[in-house]
Amino acid sequence: MINEITGGVCAAQGFKAAGVHCGVKAGSSPDKNDLALILSDRECTAAGVYTLNRVKAAPIYVTMDHLENGVAWGIVANSGNANACCPQSHENAEAMCAAAAAAVGREPEDFIVASTGVIGQTIHIQAIQAGLPQAAAALSTEGSSAAANAIMTTDTVKKEIAVFFQVGGKEVKIGAIAKGSGMIHPNMGTMLAFVTTDCAITQEMLEDALRDVTGKTFNRVTVDGDTSTNDMCVVLANGAAGNPLIEWKDGDFDTFRDALHHVCRLLARAIAGDGEGASRLITCRMSRARSEESAERLAKAVVASSLVKAAMFGADANWGRVLCAMGYSKAPFRPEHVDISFESSAGSILVCRQGDGLPFNEDRAKEILSQPEVIIAVSLNEGEESAECWGCDLTYDYVKINGDYRT
C-alpha cells in the first residue's frame, strides 16, 4: 500500500533542503526564493533522465558528467535564468557546484546542478555564490517547501509530494518537488523534478525504474508543444531505510517502481493542470487499443492539439477535433470503431459512436466541460490496452504570459 504524507524531498531519512532568495534575476522580489539546495547526509546512488532537445543547457551536460559514476550527495538549482546558450554557461554551472560544495564541505562532483528561466542571458553567478552559504545554513528537514518555491518560474502553485510504503519489512519513503508550467511537451523531462528516497537500491535498478516511470508519467504531459533546453528528472537514493538492497527486478523492485510511478504521476498531472494560463486540466483516456504504444500516441495527439485545447477553454463539445487529432497521430486505428465521451465531476456524455456523431444536449455538455478537470474518454474498440495523457486548455492568458516573458 502506498500512503501519501507530507515532507516533500525531506520526507525520506537523511535528506535536508533549503530555498532562499539571492537575486538571480535583476529586480526580482525578495519574497520569491530563487536558489534551492538539497543534501543527503550520506552518499546516494543517483539516476537522471534529460531533455531530448538537441539544444541542451550547460547544467544538463555538467550533471551528466557528474553522474557518470552513478553517485551524488546533493542538488543545487536556481530559477530566474536558464544558463543556456550564453557566454560562460558551462563554467558557471561548474561554479554553482563548486560553491554548493564549499558551503557544505563536499566536492563539486558530488552535486547535480539545474537551472530554469530565460534562455540566452548570462547567469548572475556572483549572486548564487553569495547566496549558497545562506542556503547551506538554512538546510533543514522542514526545507522542502522553500526549495519547491525556489524552482518555480511561471508556476502558480508549488508541486511537492511524499509517500511511504513497505519494502522487505522496512518503511521506505519517496519525496519529490517539481516545477513546470510552460514549454512543456513529451520528450523526456519536460520540466525539473527532484526525487529523493531512503530506499536501498542499486544504480542500475534505480535508473531502470526511473526510465520506465518517466515514460509513463512526465512523457505523457504536454502544455504547448515546446520541449525545453533544461528538462531534467533526477533521483537520489541514500539507503537509510535499511531495506534489503534491491538489485534485481523482483517483487521489491516492482513495489519501489510502483511507488515512484505514483509520485511522478501526481506531479505530471499537477504540471499539466498548472499549464501557463490554464483554467482546467485535460485528461485523454484512450482505451481498448491494440497496444499501449498506439494508445499513448493517440492520446498525446489529442491533448497536444491546439484546436482541442481551445475547444476545452470554451467548454465546446467539438468532438470532431478529437478524432481529427487522432487521425494525424500516425498511430493505427479504425475511425469507424471509435466511441468518444466527455466526462468530469458533473457527469458524462457520449458524443460519438463508431465514428459518427450523436445528438446530445449542448447545455449538458457545456456543464460537463466547465469543470476543473475534463476527461476525453476514447474507446477504440480494437484491443485491451490503454494509456492516459495529460494537458490543459489554451487560454488568452497563455499568449499574455509568453508575449513578454523575457522582458
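Here, the structure is the one placed above.
The sections below set out a description of the structure shown in this document.

Calculation notes
Residues numbered from 1 in each chain as written. Predicted model: local features only at pLDDT ≥ 70, side-chain atom pairs only at ≥ 80, totals over all residues. Heavy atoms only, no water. Core = buried A, V, L, I, M, F, W, Y, C linked by side-chain atoms within 4.5 Å. Buried < 20%, exposed > 50% of the residue type's maximum accessible area, 1.4 Å probe, protein only. Helix = DSSP H or I, 4+ residues; strand = E, 2+ residues; numbered from the N terminus. Contact = heavy atoms within 4.5 Å. Pairing = 2+ DSSP bridges. Patch = residues over 30% accessible without salt bridge, like charges linked within 9 Å, V, L, I, M, F, W, Y side chains within 5 Å. Areas by Shrake-Rupley, 256 points an atom, 1.4 Å probe, with all protein chains shown as cover. Salt bridge = Lys/Arg side-chain N within 4 Å of Asp/Glu carboxyl O. Lys, Arg positive; Asp, Glu negative; His and termini not counted. Charge placed at Lys NZ, Arg CZ, Asp CG, Glu CD. Expected span 1.5 Å × (residues − 1). Phe/Tyr/Trp six-rings, centres within 6.5 Å; stacked < 30°, edge-to-face > 60°. Lys NZ or Arg CZ within 6 Å of the ring centre and 35° of its normal. Disulfide = S-S within 2.5 Å. Arc of directions from axis to C-beta.

**Brief notes about the nonpolar core**
Inference 1: The biggest cluster of nonpolar side chains holds 39 residues, and the ones touching the most others in it are I174, F218 and F256.
Inference 2: Only β3 (35-50), β6 (159-167), β7 (170-179), β8 (192-197), α5 (203-216), β9 (232-237) and α6 (251-273) provide two or more residues apiece to this core.
Inference 3: Sort the elements by how many residues they give to this core and α6 lands first, with ten residues.
Inference 4: Once residues lying within four places of it in the same chain are set aside, the contact partners of I174 are I161, A162, V163, F165, V195, T196, T197, F256, A259, L260 and V263.
Inference 5: Counting residues in each nonpolar core, the second largest holds 37 residues, with V303, A346, V351 and V374 among its members.

**Some words on the pairing of β9**
Inference 1: In terms of residue burial, β9 counts as a mostly covered element, since six of its six residues are buried.
Inference 2: Pairing of β3 with β9, which is carried by six bridges, proceeds in the antiparallel orientation. Bridging across to β9, G48 finds its partner in V234.

**Description of a negative patch on the surface**
Inference 1: A cluster of acidic residues, D65, E68, E107 and E109, forms a negative patch at the surface.
Inference 2: Secondary-structure assignment places E107 in the loop between α2 (89-104) and β5 (111-116).
Inference 3: Relative accessible area serves as the criterion here: at 47%, E107 is assigned to the partly exposed category.

**Examining unusual backbone geometry**
What is expected of a backbone is that most residues other than glycine have negative phi and most peptide bonds are trans.
Inference 1: With a phi angle near 50°, A315 is a residue other than glycine that sits in the positive phi range.
Inference 2: The residue A315 is located in the loop between α8 (306-313) and α9 (319-327) in this model.
Inference 3: A315 gets classed as buried once you look at its relative accessible area, which sits at 9%.
Inference 4: Unlike most non-glycine residues, K330 shows phi in positive territory, near 70°.
Inference 5: With respect to the element layout, K330 can be found in the loop between α9 and β11 (339-344).

**Examining helix α7 (residues 292-304)**
Inference 1: Between its first and last C-alpha, α7 extends 18 Å over 13 residues, near the 18 Å set by a 1.5 Å rise per residue.
Inference 2: Buried-residue contacts for α7 involve α5, β10 (281-289), α8, α9, β14 (373-379) and β15 (385-392).

**Considerations on the packing of aromatic side chains**
Inference 1: The full count for this structure, using the stated rule, is zero aromatic pairs.
Inference 2: Lying over the aromatic face of W73, R106 brings its terminal NZ or CZ to 3.6 Å of the ring centre.

**Observations regarding the state of the cysteines**
Inference 1: Counting across every chain of the model gives zero disulfides.
Inference 2: Just so you know, C233 is unpaired, no disulfide at all, and the nearest cysteine sulfur is the one on C264, 5.1 Å from it.
Inference 3: On the basis of relative accessible area, C233 is assigned to the buried category, the value being 0%.
Inference 4: Left without a disulfide partner, C324 is nearest to the cysteine sulfur of C352, which lies 13 Å away.

**Here's the deal with the pattern of salt bridges**
Inference 1: Considering all chains together, one arrives at 20 salt bridges under this definition.
Inference 2: Salt-bridge contacts for R257 lead to D212; the nearest nitrogen and oxygen are separated by 3.9 Å. With R257 in helix α6 and D212 in helix α5, the pair connects residues that are 45 residues apart, well separated along the chain.
Inference 3: Residue classification places R257 among the partly exposed positions, given a relative accessible area of 24%.
Inference 4: For D212, a relative accessible area of 32% puts it in the partly exposed group.
Inference 5: Its salt-bridge partner being R220, residue E292 comes within 2.9 Å of it at the nearest N-O pair. Of this pair, E292 sits in helix α7 while R220 sits in the loop between α5 and β9, placing them 72 residues apart in sequence.
Inference 6: Overlapping salt bridges bring together K216, R220, E292, E296 and K300 as one network.

**Here's the deal with the pairing of β6**
Inference 1: When strand β1 (residues 3-5) meets β6, the two strands line up antiparallel, connected through three bridges. Its bridge partner being in β6, E4 is matched across the sheet by V163.
Inference 2: Examined bridge by bridge, β6 and β7 share nine bridges and lie antiparallel to one another. Note on β7: the bridge partner recorded for F165 is V172.
Inference 3: If you look at the hairpin formed by β6 and β7, you'll find two residues sitting between the two strands, and G168 has a positive phi there, around 55°.

**Considerations on the environment of A304**
Inference 1: Relative to the assigned elements, A304 resides in helix α7.
Inference 2: Between the C-alpha atoms of A304 and C392, which are 88 residues apart in sequence, the distance is 8.7 Å.

**Describing α9**
Inference 1: What α9 keeps buried is the set W319, V322, L323, A325 and M326. Take α9 and look down its axis: the buried residues cluster within an arc of 160°, on one side only.

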